[in-house]
Amino acid sequence: MRILVVEDEKKVAHFIQQGLEEEHYTVDVALNGEEGEAMAGMGNYDLLILDVMLPKKNGIDITRALRQRKMPVPILMLTAKATTDDKVEGLDSGADDYLTKPFAFAELLARVRSLLRRGATEKTTMLLLGDLELDTVSHRARRGGKPIDLTMKEYALLEFLLRNKDRVLSRTIISEHIWEYNFDTGTNLIDVYVNHLRSKIDAGFDRKLIHTVRGVGYVMKEE
C-alpha cells in the first residue's frame, strides 16, 4: 500500500513517515499544498494523509479539487483545530476521516487501517498465487505453508507484484510505486531487490513465480 503524507511540519511528517514505513507501507511526503496536490493527482496512492493548514494551498481546497476530479482515494485529514464546525468543513469537503493534533500514533495507524479496508472495494486483504499467500493486514507471507521473512521494501515489492500478477511491470512503473517519488531509475536497485525476493519466494520450489521479461521488466505468474 502506498500513502502520501502532505504535512508542512517536517518533524511531524518524518514521525508519520517513519512510523508507517515500519508498518510496511510505502510513504511519500510533500511539504506544501501545491506539491501535495500535484503528487496526489498522479493517482498512484491508496491513501492521503492531509494536513489542513498548509502553505501555498490548504488541505480543504486540495480535497475539494481532488473530489471534483472524481478521485476516490481515501483522505485522512489532520488539523490542530478541534471545533465541530472545523470537522464538519473538513468532512464536507470530501475527507473520509478527521484526526486532531496532537494524536497518538496508534490511533493514526488504526484510522489508516480502517480507511484502507474501506477504500479497498476492488482489492482483497489476502493475495494468492499458487501456493504463495500474502496477508496485507498482518503483512505476513507464506509459501507452501512456510512463513517468509520480508524487509519493508521486499514486502512492498511483493504486494505490488501480486496485485498486478500476470502483468509485465517495467522498472519505471515499479520505482514509481515502491521507491521514493524522485527515485533514480538509472540504478540497479530494483534488480537487486527482485533478486532478494526471488531468493525468499522461489528458492527451493520447482515452480518459479517471479519471471524476468528481458528488456522490459518483471512479471509474477505461475509457469
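Residues numbered from 1 in each chain as written. Predicted model: local features only at pLDDT ≥ 70, side-chain atom pairs only at ≥ 80, totals over all residues. Heavy atoms only, no water.

**Side note on the pattern of salt bridges**
And then number 1: Here the structure, examined in full by the defined rule, presents 16 salt bridges.
And then number 2: The partner of R2 in a salt bridge is D28, and the shortest N-O contact between them spans 2.5 Å. With R2 in strand β1 (residues 2-6) and D28 in strand β2 (residues 26-30), this residue pair connects regions lying 26 residues apart in the sequence. Assigned by exposure class, R2 and D28 land together as buried.
And then number 3: Across the pair D97 and R111 runs a salt bridge whose closest N-O atoms are separated by 2.8 Å. Remark: R111 occurs in helix α5 (residues 105-119) and D97 occurs in strand β5 (residues 97-100); sequence separation between them is 14 residues. (Salt bridge = Lys/Arg side-chain N within 4 Å of Asp/Glu carboxyl O. Helix = DSSP H or I, 4+ residues; strand = E, 2+ residues; numbered from the N terminus. Buried < 20%, exposed > 50% of the residue type's maximum accessible area, 1.4 Å probe, protein only.)

**Quick word on the sheet that holds strand β9 (residues 146-148)**
And then number 1: Across the sheet, which stays open at both edges, the four strands sit in the order β6-β7-β8-β9 with antiparallel pairing between neighbours. Two strands bound the open sheet, and with one partner strand each, they are β6 (126-129) and β9. When the angles between neighbouring strand axes are averaged without regard to direction, this sheet yields 25°.
And then number 2: As judged from the three bridges shared by strand β8 (residues 140-143) and β9, these two strands associate in the antiparallel manner. Bridge assignment links R142 to a residue of β9, and that residue is P147.
And then number 3: Most of the contacts of helix α6 (residues 152-163) go to strand β7 (residues 132-135), to which it runs at about 115°, and overall it touches β6, β7 and β8. (Pairing = 2+ DSSP bridges. Axes fitted to C-alpha atoms, helices over the stretch in contact; angles between N-to-C directions. Contact = heavy atoms within 4.5 Å.)

**Overview of the packing of α6 against helix α8 (residues 189-201)**
Each pair of packed helices can be described by the angle between their axes along with the distance between the axes.
And then number 1: Across the interface, α6 lies against α8 with an axial gap of 10 Å and an inter-helix angle of 80°. Judged by the angle between their axes, α6 and α8 are roughly perpendicular. Facing α6, whose interface residues are K153, E154, L157, L158 and L161, α8 presents Y193, V194, H196, L197, K200 and I201.
And then number 2: Partitioning the contact of α6 with α8 into residue classes produces seven nonpolar, one polar and three charged. (Parallel < 35°, antiparallel > 145°, perpendicular 65-115°, else oblique. Nonpolar A, V, L, I, M, F, W, Y, C, P; charged D, E, K, R; others polar.)

**Some thoughts on α6**
And then number 1: Over its 12 residues, α6 extends 17 Å from the first C-alpha to the last, a length consistent with the 16 Å expected when each residue adds 1.5 Å.
And then number 2: Among the 12 residues of α6, nine are classified as buried, and the element is accordingly described as predominantly covered.
And then number 3: When α6 is considered as a whole, its buried residues turn out to be E154, Y155, A156, L157, L158, E159, F160, L161 and L162. (Expected span 1.5 Å × (residues − 1).)

**Re the pairing of strand β12 (residues 217-220)**
And then number 1: Sheet topology places strand β10 (residues 169-170) next to β12; two bridges connect them, and they run antiparallel. Counted as the bridge partner of L169 is Y218 from β12.
And then number 2: Pairing analysis gives four bridges linking strand β11 (residues 210-213) to β12, with the strands arranged antiparallel. What sits directly across from I210, in β12, is M220.
And then number 3: In this structure, the hairpin formed by β11 and β12 is closed by a connection of three residues, where G215 is found at a positive phi of approximately 80°.

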